Amino acid sequence: MARPLPAGHELVHRSCPLCEAHCGVSVEVDRGSQAVVTVRGDELDPRSRGYLCPKAYALKGLHEDPDRLRRPLRRIGRRGDPEARWQEIGWDEAFALVAGRLREIRDAHGADAIATYVGNPTAHDMGSLVYGQTFQRALGTKWRFSASSVDQLPKMVSSAFLYGSPLAFPVPDLDRTDYLLVLGANPLVSNGSLCTAPDFPGRLARLRERGGKLVVVDPRRSETAEVADLWVPIRPGGDAAFLFALVHVLFEEGLADLGRLAPFTNGLEQVRTLAKDFAPEAVAAATGIAPATTRRIARELAGTERAVCYGRIGTCTQSFGTLASWLVDVVNALSGHLDEPGGAMWPRAASGPGSDPPRRPGPPPYARWRSRVRGLPEFNGELPVATLAEEIDSAGDARVRALFTLAGNPVLSTPNGARLERALASLEFMVSVDIYRNETTRFADVILPPTGHLEHSNYEVVFDLVSVRHWSKYSPQALPKPEGTRHVWEILSELAGRLAGVPAAVVEQVMLGALLKDAVGRPGTPCPDVSEADARAKLGDEPGPDRVLDLMLRAGPFGDRFAEGQEGLSLARVREAIHGLDLGPMERRLPAMLATESGRLELAPAPIVADVTRLRAWVERSRSPEGNGLVLVGRRHLRSNNSWMHNVQALAKGPERCTLLVHPDDAARLGLAAGGRARVRSRVGELLAPVSVSDEMMPGVVSLPHGFGHGAPGAALSVAARHAGVNSNLLTDEAEIDPISGNGVLSGIPVEVAPA
Ligand SMILES: Nc1nc2c(c(=O)[nH]1)N[C@H]1C(S)=C(S)[C@@H](COP(=O)(O)OP(=O)(O)OC[C@H]3O[C@@H](n4cnc5c(=O)[nH]c(N)nc54)[C@H](O)[C@@H]3O)O[C@H]1N2
Ligand SMILES: Nc1nc2c(c(=O)[nH]1)N[C@H]1C(S)=C(S)[C@@H](COP(=O)(O)OP(=O)(O)OC[C@H]3O[C@@H](n4cnc5c(=O)[nH]c(N)nc54)[C@H](O)[C@@H]3O)O[C@H]1N2
Ligand code: SF4
Ligand SMILES: [Mo]
């Protein structure tokens, strides 16, 4: 592979930060010019062994993108006015302006008048994650929103009720399974989610090579379904009913067996009773799945020693998101595949809590407060983003008057983007920490851009929690920080300090103190015998995310616990392993990790069970032919990354991707022709989209990708504007949520489609 490195060039080995797979990239830098020469796959990275998808190569284009912001921008002119001008300002002026306005609004109306929205890239960036929380604490608002509530929130709710921790995501043991049942995920394109598995396609190929079986349940014959042993088309939203039918068969045929889990599991009999109504025959009309297929899958799952059921975005962003997320785990538990090799297991995050249970046992952090307008429950300190627009645009003293966004583009990524746009235009103040002036951040009064992805160090703290093996890899800063730029942690701690009326250095000390308190010096912490002073001395005085990471690694399950000469991990040790460390496969963790109030695995939690009545009614309704009009689902493309990588020409070029996929029978019935345009209408909106006709769709279901709809006035994305597409979230309905979690329903949207 390797051509010799020219003199003055250096290879920096990092993780690609663009999706959950976090493949190993080697970035070649010309140290003379500090330019990125190439990005290639790191063959020595034990996680990805050289694999990269096309997006990683675009890290160079992203870095060089002239539209990427480097200096604070201030809008001159009215919010939402396409004629508004933008002016670069200095950091000090920007900080003073932002902190001043936020303080004014907080003083006049209280902290809850300021909402925050935190987007997906935050999860991939340690500085944003850690210091984003610090900033939000300093702000003191309860009105926190994030992309979680258009993504994995139902799984978090389910995990909190079943195991006592919102972050206890069971992860498919991909490399050791012999039977993978996938619902609502397309890892050949997404490269996996809540299942960090670099080179997912290679891992699936190896599953097949060892004689294993892949079954994909999806309304579309996706790229993953295409390579599967079996594609099972399902009516959108039908997953909970289908999974209940699997449970029904497991009980009926005497295949349900908790095995090792029985002594510490509650609720088995309740699940058995609930499943009675969901015979495969009873749900077939609603799901579109033949009873014989359901029975066969149930038998195969139970009959294969190493098998696992895995559900992802299609099972979460739908009307029965929490029920489906819960039932995936119920199926795994009853078929003997929860906490078993080759089944669904919990990794020990190298940067995670070092002891079991991961948090103090107690009730799930649920519904401790509710949203003002619709009364939606808080979860884990957040409110559902489907309610953000109405919290701004509904009159009342307690309305949201200002918004802070961090790495988010909710105009394109949350339901009813048009209403949100109008709401943003009506705010008193908005500030965005973002690298682009896009569909959302164009509404900000000030945009604060952090350093680019290659200009700061990183570590995937979140994805340590969901990796199919135990890995640890540090991404060193590849390029120097350019003059006059700020790292995200510097921006956020400066703002936090100004809000609290203290220097940023004090914010840093307080944050570190709080983290240390949970890590050392007291019984119940991972390092009870280490004093806080000793730990502080060993961590050094350099502020920033690296020091926090050092603490997390050292106090983590593989950590050196601050002991001299100890084998365990520290930042120094992980940094030394420039290609990353492989720390072995997942291991059984039940019952030790359970953090429920009862200390047991709660297989039938009351708030989840209460929603089964609604599912029963849906199944009943779907049996009658009426109400079986067209429904809309989404899809992803390998060269897209939600809404924000469309400005890199190397990725954006090629055939039009934002098309409405329609089954040939539906196209014929509706008079739609390939290459023609369709008018798509939902309760909340309407748009025009080019039509592609394909039998990869199941009849009755159409598909449009999300993340498009560029070219808005005031946005500065010159490449994306040329491949604008349409915003599919003009059709998704903010009134439709999964009632347990409040997660947005982005799939299974009733639409009318006609030729345009
Ligand atoms: N209809 C439909 N809607 C969906 C989905 C769907 O499947 N269908 N999927 C949902 C899912 S799973 C998700 S996660 C959400 C995503 O929703 P969001 O997180 O709101 O949207 P993204 O498109 O990820 O936008 C990321 C933003 O971060 C900025 N950014 C990128 N890198 C950085 C960085 O390093 N620092 C900073 N400060 N900013 C950065 C980008 O410029 C962009 O503004 O969308 C959801 N919306
Ligand atoms: N290339 C690329 N990779 C990405 C992203 C990206 O935008 N582009 N986004 C990243 C993010 S933020 C996330 S969260 C992950 C998501 O990763 P995945 O969970 O793999 O998501 P998708 O690729 O959207 O696949 C979802 C599938 O669910 C199907 N589906 C829709 N509705 C239903 C339903 O009701 N039931 C069932 N069973 N299936 C349904 C869709 O047809 C689609 O095939 O991908 C990540 N990786
Ligand atoms: S799959 Fe692609 S985008 Fe995701 S981490 Fe790997 S190279 Fe990056
Ligand atoms: Mo996501």
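For every chain, the first residue of the written sequence is number 1, and numbering continues from 1 onward in sequence order. By the order in which they are written, chains take letters starting at A while ligands take numbers starting at 1. With the structure being a predicted model, the display of local features is reserved for residues of pLDDT at least 70 and the display and counting of side-chain atom pairs for 80 or more, all residues being used for whole-chain, interface and lining totals. Side-chain numbers come from the whole structure's heavy atoms, not from hydrogens or water.

(A) Seen up close, the sheet that holds strand β10 (residues 213-217). Any two strands between which DSSP finds at least two bridges are classified as paired. Think of it this way: any DSSP run of H or I at least four residues long counts as a helix, any run of E at least two long counts as a strand, and we number them from the N terminus. Judged by pairing direction, the sheet is parallel, and its four strands sit side by side in the order β11-β10-β9-β13 without closing on themselves. Every other strand in the sheet has two partners, leaving β11 (230-232) and β13 (307-311) as the edge strands with one partner each. Put simply, the sheet's adjacent strands are angled 15 degrees from each other on average, direction ignored. By definition, residues are in contact when any of their heavy atoms lie within 4.5 Å. The axes used here are C-alpha line fits, helices contributing only the stretch in contact, and every angle between their N-to-C directions lies in the interval 0 to 180 degrees. The strands touched by helix α6 (residues 200-209) within the sheet are β9 (179-183) and β10, with β10 carrying the most contacts at an inclination of about 125 degrees.

(B) Seen up close, unusual backbone geometry. Residues Leu590 and Pro591 are joined by a peptide bond in cis, for which omega reads 0 degrees. Its identity is not glycine, yet Asn416 carries a phi of approximately 55 degrees, on the positive side. Residue position: Asn416 is located in the loop between α15 (410-413) and α16 (417-425). Unusually for a residue other than glycine, Phe562 sits at a positive phi of about 65 degrees. Assignment of secondary structure puts Phe562 in the loop between α20 (545-555) and α21 (571-576). Exposure categories follow from relative accessible area, calculated using a 1.4 Å probe and restricted to protein chains: below 20% of the type maximum is buried, above 50% is exposed, and the middle band is partly exposed. Given the relative accessible area of 2%, Phe562 is considered buried.

(C) The arrangement of the packing of helix α2 (residues 91-109) against helix α17 (residues 488-500) in detail. For the pair α2 and α17, interaxial distance at closest approach is 9 Å and the crossing angle is 45 degrees. Put simply, α2 runs oblique to α17. Relative to α17, α2 is oriented so that their crossing is right-handed. From α2, Trp91, Asp92, Phe95, Ala96, Val98, Ala99, Leu102, Arg103 and Arg106 reach across to α17, where they touch Ile491, Glu494, Leu495, Arg498 and Leu499. Angle categories are assigned with fixed cut-offs, so that under 35 degrees is roughly parallel, over 145 is roughly antiparallel, 65 to 115 is roughly perpendicular, and the rest are oblique. Helix crossings get a hand from a simple test, with the near helix turned counterclockwise from the far one by less than a right angle marking a left-handed crossing and a clockwise turn marking a right-handed one.

(D) Here's a closer look at the pattern of salt bridges. Whenever Lys or Arg places a side-chain nitrogen within 4 Å of a carboxyl oxygen from Asp or Glu, that contact is recorded as a salt bridge. Scanning all chains against the criterion turns up 57 salt bridges. Among the salt bridges present, the one from Glu64 reaches Lys60, with a minimum N-O distance of 3.0 Å. A residue pair is termed a helical-turn pair when its members lie 3 or 4 positions apart in one helix, as Glu64 and Lys60 do in helix α1 (residues 54-64) at four residues. You can call Glu64 partly exposed: its relative accessible area is 40%. In this structure, the salt-bridge partner of Glu686 is Arg679, at a minimum N-O distance of 2.8 Å. One network of salt bridges, with partners in common, ties together Asp42, Asp45, Arg47, Glu460 and Lys473.

(E) Representation of the site of ligand 3 within the structure. Taken together, Cys16, Leu18, Cys19, Ala21, His22, Cys23, Leu52, Cys53, Lys55, Ala56 and Asn191 are the residues near ligand 3. The nonpolar class holds Ala, Val, Leu, Ile, Met, Phe, Trp, Tyr, Cys and Pro. Asp, Glu, Lys and Arg form the charged class, and all remaining residues, Gly among them, are polar. Looking at side-chain class alone, the shell around ligand 3 contains eight nonpolar, two polar and one charged residues. Here, proximity means that at least one heavy atom of the residue falls within 4 Å of the molecule or strand.

(F) Molecular detail of the domain arrangement of the protein chain. Boundary definitions for the domains trace back to an automatic or database domain assignment. Here the protein chain is partitioned into domain 1 (1-64), domain 2 (73-152 + 360-448), domain 3 (168-350 + 590-610) and domain 4 (629-755). Placing the centre of domain 2 and that of domain 3 at their C-alpha centroids yields a distance of 35 Å. Each side of the interface is counted separately: domain 2 has six residues, and domain 3 has nine residues. Summed over both partners, the accessible surface that disappears when two parts come together, traced with a 1.4 Å probe, is what is meant by buried area. Here domain 2 packs against domain 3, burying approximately 570 Å² in sum over the two surfaces, 61% of which is carbon and sulfur. Ranking the residues of domain 2 by area buried against domain 3 places Asp151, Gln152 and Pro361 at the top, with a combined share of 61%. At the junction of domain 2 and domain 3, the tally comes to one salt bridge. Put simply, Arg312 and Asp151 hold a salt bridge, and the shortest N to O gap is 2.8 Å. A class-by-class count of the residues in the side of domain 2 that touches domain 3 yields three nonpolar, two polar and one charged.

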